[in-house]
Amino acid sequence: MKPTIFHQLRRGAKLAIACLVLAAPLAKAQVVVTPTPVVAPVVTTTVTPIVTSTVTPVITSTVTPVVTATVNAEVNAIVTPVVTSTVNAMVTPVVNAHVNPMVNPVVNVNPVVNPVIVPPLVMPDINPNVDVNPNVNVDVNPDVDVDVNITGVDMTEGKWFATIKGDKIEFEFKGKSDDDENHWSSNETFSLSDFPTLPKGEKGEFSLKREAGILVFNGKFEDDMGFGTYKFTPNKEFDDYIKNSGVTEIHENDPFAWFNIDLKKGYVEMLAQNGYKDIASHNLIAMSSMKIEADYIQSFHAIGYKDMPAHELVALKSMKITADYVKNFSQYGYKDVPLHDIIAFKSMDISADYIKGFEQVGYTNIPIHDIIAFKSEGITPEYVKGFVSAGFKDIAPHDIIAFKSMGITSDYIKEFEQVGYTNIAAHDIVAFKSEGITPEYVKGFMSIGMKDIAAHDIIAFKSLDITPEYIKGFIDLGYTEVPAHAVIPLKSMNITPEFVSGFQKLGFKDIPLHELPALKSSGVTPEYVTEMQQKGFKSDNLRKYMDMKNAFN
């Protein structure tokens, strides 16, 4: 029997189609934004088209791509100011208040293209979604550790070097460790009046007696410089008193530290009366060296701050924070502010007047973490006022933080108003900036007749690197109306005007835009149609070619 044209076509199709695999194009655009000074926002945009094909043995089936567009841009501005204050006690205790306001405005513009081959209609469904969720997390951890103990070192005797400066004498004590290999030193300043007689020119002995013990010097001074040896003898009675008073964590060199800071029994008793009885020795040294007295402690008690940990009290004093400073914030609704936030306020030079300035532009009761983020970002009332004048009223603090972290100004917004974008949402402004969208970019589309493009479509355009020239290519092929929602799946699937032109040369002049993704996803190309026509299968309906491609795959 002579083979029919259908049998010949089917045999040829099997040979030609066996090596063809339905391909899913992958479009990926990546944008990285790094705002200054200490703000490091990162924007990542990922578009992942997924093509799922369904094999249908019936040639009369039709193809329907469903397109859902998603663009993901993420902006992470991390602001980390670190404040270090130094408390000068025996071995220079250091107060570190680490302020870490983390500003994370996250922009989600989601074009994910999923052309799914499902009969019987071609219905692209595009749902770009834009969401901005800045999360501000402020972590302030003041940590004070003034432990003067140096293991393996006997600080009770060694060498001294001194310099007289005005009414003060600066001493440097030096010695060796027990293994005689490592050296240590300590610097202390005393009043010149503590030493009424100093040996000049010839060696001699002089001493200083305090409640904690006696320090005996041997040596001499020449002009304002001196050197020699020393020996410290602790006062056993004083040591026993300290141990019996509830002081804990006492180390072998603490008595020498008590002497240097001129610790007195009366001071220990005062701390006990104000709630600091069971106190670690290193905290006792820090509090005494910084002259934290009863009136200072009680001033905080009076405004509701009782049972303050010793290390936080040291941090407050080291940063010169007073009860009045804290009290001033209460008039703006900031009562019972945690001490670590108070330390953050002071470390960043946040004053009541700073907060008052924002009230004058409509910002009342700003959350503490936002106030800290405002200051860390350098946000001023004048900066906020600029956005109010640009039509942004009642803008959320987290949006202001996102604006500043990305270098967005009121002038930037006004430029978009001039090209028709009025009352644009704050999250769209953030997405615009993160994607590098400019008014000139928008004007390019207006010049080819595309006006009133929705903000989320412009964002999707930029994330997919869609240009006016790309769209004009389709207009030049006869597509008088090219809606924005139709362009997104075209670009995401890498469909070009040249792809369409190939079909037009074969006589297919009026292919609807929404059917082009179905052609591309099914693997039907001008070359495929030409091949089938050469094998004897001719049709003026491209769906027949898609059905055939589907069936033989």
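Look above for the structure.
Thresholds, definitions, all that
Residues numbered from 1 in each chain as written. Predicted model: local features only at pLDDT ≥ 70, side-chain atom pairs only at ≥ 80, totals over all residues. Heavy atoms only, no water. 1 Å grid on protein atoms, 1.4 Å probe; cavity = no way out; pocket = protein on both sides within 12 Å on 5 of 7 lines; lining within 4 Å. Points joined across faces, edges and corners; volume = space filled by probe spheres on them. Helix = DSSP H or I, 4+ residues; strand = E, 2+ residues; numbered from the N terminus. Nonpolar A, V, L, I, M, F, W, Y, C, P; charged D, E, K, R; others polar. Axes fitted to C-alpha atoms, helices over the stretch in contact; angles between N-to-C directions. Parallel < 35°, antiparallel > 145°, perpendicular 65-115°, else oblique. Contact = heavy atoms within 4.5 Å. Phe/Tyr/Trp six-rings, centres within 6.5 Å; stacked < 30°, edge-to-face > 60°. Buried < 20%, exposed > 50% of the residue type's maximum accessible area, 1.4 Å probe, protein only. Salt bridge = Lys/Arg side-chain N within 4 Å of Asp/Glu carboxyl O. Polar contact = N/O pair within 3.5 Å; in protein donor to acceptor, adjacent residues only side chain to side chain. Pairing = 2+ DSSP bridges.

> I'm lost on the layout of surface pockets in this one. Help?
Where empty space is left becomes clear once a probe the size of a water molecule has been rolled over the atoms. Taken as a whole, the second largest pocket holds about 170 Å³ of empty space. Contributing to the lining of the second largest pocket are Asp-154, Glu-157, Gly-158, Lys-159, Lys-174, Gly-175, Lys-176, His-183 and Trp-184. For the lining of the second largest pocket, the secondary-structure elements that each account for two or more residues are strand 8 (157-165), strand 9 (168-176) and strand 10 (183-191). Across the lining of the second largest pocket, the residue classes break down as one nonpolar, three polar and five charged.

> What's the story with the packing of helix 4 (residues 265-273) against helix 5 (residues 281-289) in this structure? I'm lost.
Packed helices, taken two at a time, are described by the angle between their axes plus the distance between the axes. Contact geometry of helix 4 with helix 5 gives a least axis separation of 11 Å together with a crossing angle of 105 degrees. As the angle between them shows, helix 4 and helix 5 are arranged roughly perpendicular. Of helix 5, the residues touching helix 4 (which contributes Tyr-267, Val-268 and Leu-271) are Leu-284, Met-287 and Ser-288.

> So what exactly am I meant to see when it comes to the packing of aromatic side chains here?
What describes a pair of aromatic rings is the distance from one ring centre to the other and the angle between the planes of the rings. The final tally for this structure, using the stated rule, is 40 aromatic pairs. Ring centres 5.7 Å apart and planes at 85 degrees place the aromatic pair Phe-195 and Phe-206 in the edge-to-face group. Taken as a pair, Phe-195 in the loop between strand 10 and strand 11 (204-210) and Phe-206 in strand 11 lie far apart in primary sequence, eleven residues in all. Note on Phe-195: relative accessible area 4%, which makes it buried. Taken together, Trp-160, Phe-171, Phe-173, Phe-190, Phe-195, Phe-206, Phe-217, Phe-221, Tyr-230, Phe-232, Phe-256 and Phe-259 form an aromatic cluster joined through their ring pairs.

> Where do I start with helix 15 (residues 426-435) in this structure?
Since the α-helix advances by 3.6 residues per turn, residues separated by three or four positions end up pointing in the same direction. Among the ten residues of helix 15, eight are classified as buried, and the element is accordingly described as predominantly covered. Those residues of helix 15 that sit buried are Ala-426, Asp-428, Ile-429, Val-430, Ala-431, Phe-432, Ser-434 and Glu-435.

> So what exactly am I meant to see when it comes to the pattern of salt bridges here?
Throughout the structure, instances matching the rule amount to eleven salt bridges. The shortest N-O distance in the salt bridge between Glu-157 and Lys-231 comes to 4.0 Å. Of this pair, Glu-157 sits in strand 8 while Lys-231 sits in strand 13 (residues 225-234), placing them 74 residues apart in sequence. Classification of Glu-157 by relative accessible area gives partly exposed; the value is 40%. Its salt-bridge partner being Lys-472, residue Asp-476 comes within 3.3 Å of it at the nearest N-O pair. With a relative accessible area of 54%, Asp-476 lands in the exposed category. For Lys-472, a relative accessible area of 39% puts it in the partly exposed group. The network of salt bridges with shared partners includes Asp-194, Arg-210, Asp-262 and Lys-264.

> Help me understand the side chain of Ser-318 in this model?
Within the secondary structure, Ser-318 sits in helix 7 (residues 310-318). Of note is the side chain of Ser-318, whose polar atom sits 2.8 Å from the backbone oxygen of Ala-315.

> What is the right way to look at the pairing of strand 8 in this model?
In the case of a regular strand, side chains alternate between the two sheet surfaces. Relative to strand 13, strand 8 runs antiparallel, the two sharing seven bridges. Note on strand 13: the bridge partner recorded for Trp-160 is Gly-228. Examined bridge by bridge, strand 8 and strand 9 share seven bridges and lie antiparallel to one another. Pairing of Lys-159 across the sheet is with Lys-174, part of strand 9. Where strand 8 hands over to strand 9, the hairpin turn is made up of two residues, of which Gly-166 adopts a positive phi near 65 degrees.

Scope: geometric values only; no functional claims are made or implied.
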